[in-house]
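Residue-level structure breakdown
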Amino acid sequence: MRLSRNFALEEFERSQTAARRGVNNAVPGDLLPNLQRLVDQVLQPLRDEFGPVQITSGYRCPALNRYVGGSPRSQHMQALAADLVIVDHEPVEICEWIAGSSLPFDQLIHEFGRWTHVSVAAAGDVPRRQLLTIDRHGTRAGLHAARL
């Protein structure tokens, strides 16, 4: 199923951990509007600006989220978030571009200097535009170069 001209549903369901553990990580139908909003409002505009976007973690069913050590409140479980990388662009560069844009993101996290986490708010909620950096020293507010 195509979500946009550059994104397919399968990209958000794909997980090596789910495959290895025999977990069905299909996005439930009632969460498809969330995923569509994430693609339309943030990911497709990001793709239009930078080129191909690789989704490294999209939707996570509750079992998969537990297996990968995700937060019990992870927006991935509501199909509102994606972790991504873009070839030839540092994650902090992508985070800074999103933060400086008018895109209605809810949370933006520069994670370990290796990927970008971005989410949208649930339908009817106002996006928080929260900026965080996570590295081996913990989580802190704002976007920073990762301390490795």
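As a reminder, the structure under discussion sits directly above these lines.
Reading the values: the criteria
- Each residue is numbered by its place in its chain's sequence as written, counting from 1.
- The predicted origin of the model limits local features to residues at a pLDDT of at least 70 and limits the giving and counting of side-chain atom pairs to 80 or more, whereas totals for whole chains, interfaces and linings rest on all residues.
- Working from all heavy atoms in the structure, the side-chain values ignore hydrogens and water.
- Criterion used throughout: strands pair if DSSP finds at least two bridges between them.
- The helix count covers DSSP runs of H or I at least four residues long, the strand count covers runs of E at least two residues long, and both are numbered beginning at the N terminus.
- Inter-axis angles, ranging from 0 to 180 degrees, are taken between N-to-C directions of lines fitted to C-alpha atoms, where helices are fitted over the stretch in contact.
- We call two residues in contact when some of their heavy atoms are within 4.5 Å.
- Here the term buried applies to any residue with accessible area under 20% of the maximum for its type, exposed to any over 50%, and partly exposed to those in between, with areas from a 1.4 Å probe on protein chains only.
- Pairs were defined over the aromatic rings of Phe, Tyr and Trp, the Trp ring being its six-membered one, requiring ring centres within 6.5 Å. Orientation was assigned from the angle between planes: stacked under 30 degrees, edge-to-face over 60, tilted for the rest.

1. Comments concerning the sheet that holds strand 2 (residues 81-85)
With respect to topology, six strands assemble into an open sheet ordered 1-2-4-3-5-6, the strand pairing being mixed. Edge positions in the sheet fall to strand 1 (54-57) and strand 6 (138-141), since each has one partner strand and no second. Across the sheet, the mean angle from the axis of one strand to that of its neighbour is 30 degrees, orientation sign disregarded. Of the pairings in the sheet, the one linking strand 5 (residues 130-135) to strand 6 comprises four bridges and is antiparallel in character. Paired with Ile134 across the two strands is Thr139, which belongs to strand 6. Contacts between helix 5 (residues 91-100) and the sheet are confined to strand 2, strand 3 (105-111), strand 4 (115-120) and strand 5, with strand 3 contributing the most and set at about 160 degrees to the helix.

2. Quick word on the environment of Ser4
Tracing the chain through its elements places Ser4 in the segment before helix 1 (9-13). We classify Ser4 as buried; its relative accessible area is 16%. Taking the C-alpha atoms as reference, Ser4 lies 7.2 Å from Gln44; in sequence the two are 40 residues apart. Beyond its immediate chain neighbours, meaning those up to four positions away, Ser4 contacts Val39 and Gln44.

3. Digging into the packing of aromatic side chains
Evaluation of the coordinates by the stated rule reveals three aromatic pairs. Both rings, one in Phe7 and one in Phe12, keep their centres 6.1 Å apart while their planes meet at 45 degrees; by these two values the pair is tilted. Like Phe7, the residue Phe12 is buried in the burial classification. Summarising the aromatic geometry, the rings of Phe50 and Trp97 are spaced 5.3 Å apart at their centres and angled 85 degrees between planes, so their arrangement reads as edge-to-face. Note that Phe50 is positioned in helix 3 (residues 32-50) and Trp97 in helix 5, a separation of 47 residues in sequence. Using a relative accessible area of 17% as the deciding quantity, one classes Phe50 as buried. A relative accessible area of 26% places Trp97 in the partly exposed class.

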